[in-house]
Amino acid sequence: MTAAAPGPDGALRCPWGLATEDYTAYHDSEWGRPVHGDDALYERLCLEAFQSGLSWLTILRRREGFRAAFAGFRIAEVARFTDTDAARLLADPGIIRNRAKITATLANARVLAEWPEGDLDRLVWSHAPDPAGRPAPRTLADVPAVTPESTALAKDLKKRGIRFVGPTTAYALMQACGLVDDHLADCVARGGGS
């Protein structure tokens with residue numbers, strides 16, 4: 001199934017949003033809605049990096065565990081994590097215990113803690129494409145995995161010291177945080193609806 005399909009309530013949704021109740025809630029209330037604020041964007045950037053190679057459902061179901069483990073993704077607090085905290089994270093069954101991803105999460109917080117407040121928000125949103133140049137996707141096949149904007153965002157973040165972010169991760173961040181609206185044309189959540 002690649003086109004919008006009716007959910008239990010009869011409303012058309014992106015097909016991935018119908019796979020589980022967790023996906024439906026995330027699809028309807030969060031995915032594609034504008035996210036602002038450095039800490040909020042840091043959380044999404046971290047979660048997208050942790051998702052790399054895994055199902056997003058795995059991340060969604062552990063999201064509260066991630067928030068507890070990483071001090072609510074408050075950049076200033078995570079930047080002060082020590083080697084003891086890193087060891088604690090590697091033993092925490094409530095998160096994905098991947099050494100490279102944990103190390104990148106901590107290193108990224110240290111980098112971002114040095115930025116003026118609002119800089120992450122400004123940087124990420126400066127890469128939002130003009131919505132007028134983006135027709136609404138009709139099927140999942142019309143939704144790209146990478147765009148010139150996500151490639152530029154990934155390059156910009158890397159240049160500034162942010163780790164574990166490539167063009168695909170950057171595009172997933174752009175989708176999740178509302179820089180682009182990749183809800184299908186017939187989806188009830190297109191344009192922030194539902």
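What this report covers is the structure whose coordinates are included nearby. (Residues numbered from 1 in each chain as written. Predicted model: local features only at pLDDT ≥ 70, side-chain atom pairs only at ≥ 80, totals over all residues. Heavy atoms only, no water.)

**Quick look at the overall build of the chain**
Then, in step 1: Tallying secondary structure elements over the chain gives ten helices and two strands in all.
Then, in step 2: When the helices and strands of the chain are read in sequence order from the N terminus, they spell out β-β-α-α-α-α-α-α-α-α-α-α.
Then, in step 3: For the chain, whose C-alpha radius of gyration is 17 Å, the value lies close to the compact-globule estimate of 16 Å for 194 residues.
Then, in step 4: With respect to the three principal axes, the spread of C-alpha positions in the chain is 50 × 35 × 25 Å.
Then, in step 5: Classification of the 194 residues of the chain by burial places 46% in the buried group.
Then, in step 6: Of the accessible surface of the chain, which amounts to about 9,100 Å², a share of 53% is contributed by carbon and sulfur atoms.
Then, in step 7: A distance of 5 Å separates the average location of the 23 positive side-chain charges in the chain from that of its 25 negative side-chain charges. (Helix = DSSP H or I, 4+ residues; strand = E, 2+ residues; numbered from the N terminus. Rg over C-alpha atoms; globule rule 2.2 N^0.38 Å. Buried < 20%, exposed > 50% of the residue type's maximum accessible area, 1.4 Å probe, protein only. Areas by Shrake-Rupley, 256 points an atom, 1.4 Å probe, with all protein chains shown as cover. Lys, Arg positive; Asp, Glu negative; His and termini not counted. Charge placed at Lys NZ, Arg CZ, Asp CG, Glu CD.)

**A word on the nonpolar core**
Then, in step 1: By size, the foremost hydrophobic cluster in this structure holds 48 residues, and its most contacted members are Tyr 42, Phe 66, Phe 70 and Leu 157.
Then, in step 2: A total of six residues in this core trace back to one element, the largest contributor, which is helix α2 (residues 38-51).
Then, in step 3: Residues in contact with Tyr 42, not counting those within four places in the same chain, are Phe 73, Ile 75, Val 78, Thr 105, Asn 108, Ala 109, Leu 112 and Leu 120.
Then, in step 4: By size, the runner-up hydrophobic cluster in this structure holds five residues, among which are Cys 14, Leu 184, Cys 187 and Ala 189. (Core = buried A, V, L, I, M, F, W, Y, C linked by side-chain atoms within 4.5 Å. Contact = heavy atoms within 4.5 Å.)

**Description of the environment of Ala 176**
Then, in step 1: Tracing the chain through its elements places Ala 176 in helix α10 (residues 167-176).
Then, in step 2: Assessed through its relative accessible area of 4%, Ala 176 is described here as buried.
Then, in step 3: As a C-alpha pair, Ala 176 and Leu 41 span 135 residues in sequence and 9.9 Å in three-dimensional space.
Then, in step 4: The contact partners of Ala 176, leaving out residues within four places of it in the chain, are Tyr 26, Glu 30, Trp 31, Gly 32, Arg 33, Val 35 and Glu 48.

**Thoughts on the packing of α2 against α10**
Then, in step 1: Viewed as axis vectors pointing N to C, α2 and α10 meet at an angle of 130 degrees, and their least axial separation amounts to 9 Å. Taken together, α2 and α10 sit at an angle that is classed as oblique. In terms of crossing hand, the pair formed by α2 and α10 is right-handed. Within the contact between the two elements, α2 uses Leu 41, Arg 44, Leu 45, Glu 48 and Ala 49 and α10 uses Thr 169, Ala 172, Leu 173 and Ala 176. (Axes fitted to C-alpha atoms, helices over the stretch in contact; angles between N-to-C directions. Parallel < 35°, antiparallel > 145°, perpendicular 65-115°, else oblique. Left-handed = near helix turned anticlockwise from the far one by under 90°.)

**Here we look at the pattern of salt bridges**
Then, in step 1: In this structure the tally under the stated criterion is 17 salt bridges.
Then, in step 2: A salt bridge links Asp 9 to Arg 13, with the nearest nitrogen and oxygen atoms 2.8 Å apart.
Then, in step 3: Exposure remark for Arg 13: the relative accessible area of 6% places this residue in the buried category.
Then, in step 4: Arg 88 is paired through a salt bridge with Asp 85; the nearest N and O atoms lie 3.5 Å apart. Taken together, the residues span about one helical turn, with Arg 88 and Asp 85 both in helix α6 (residues 83-90) at a distance of three residues. (Salt bridge = Lys/Arg side-chain N within 4 Å of Asp/Glu carboxyl O.)

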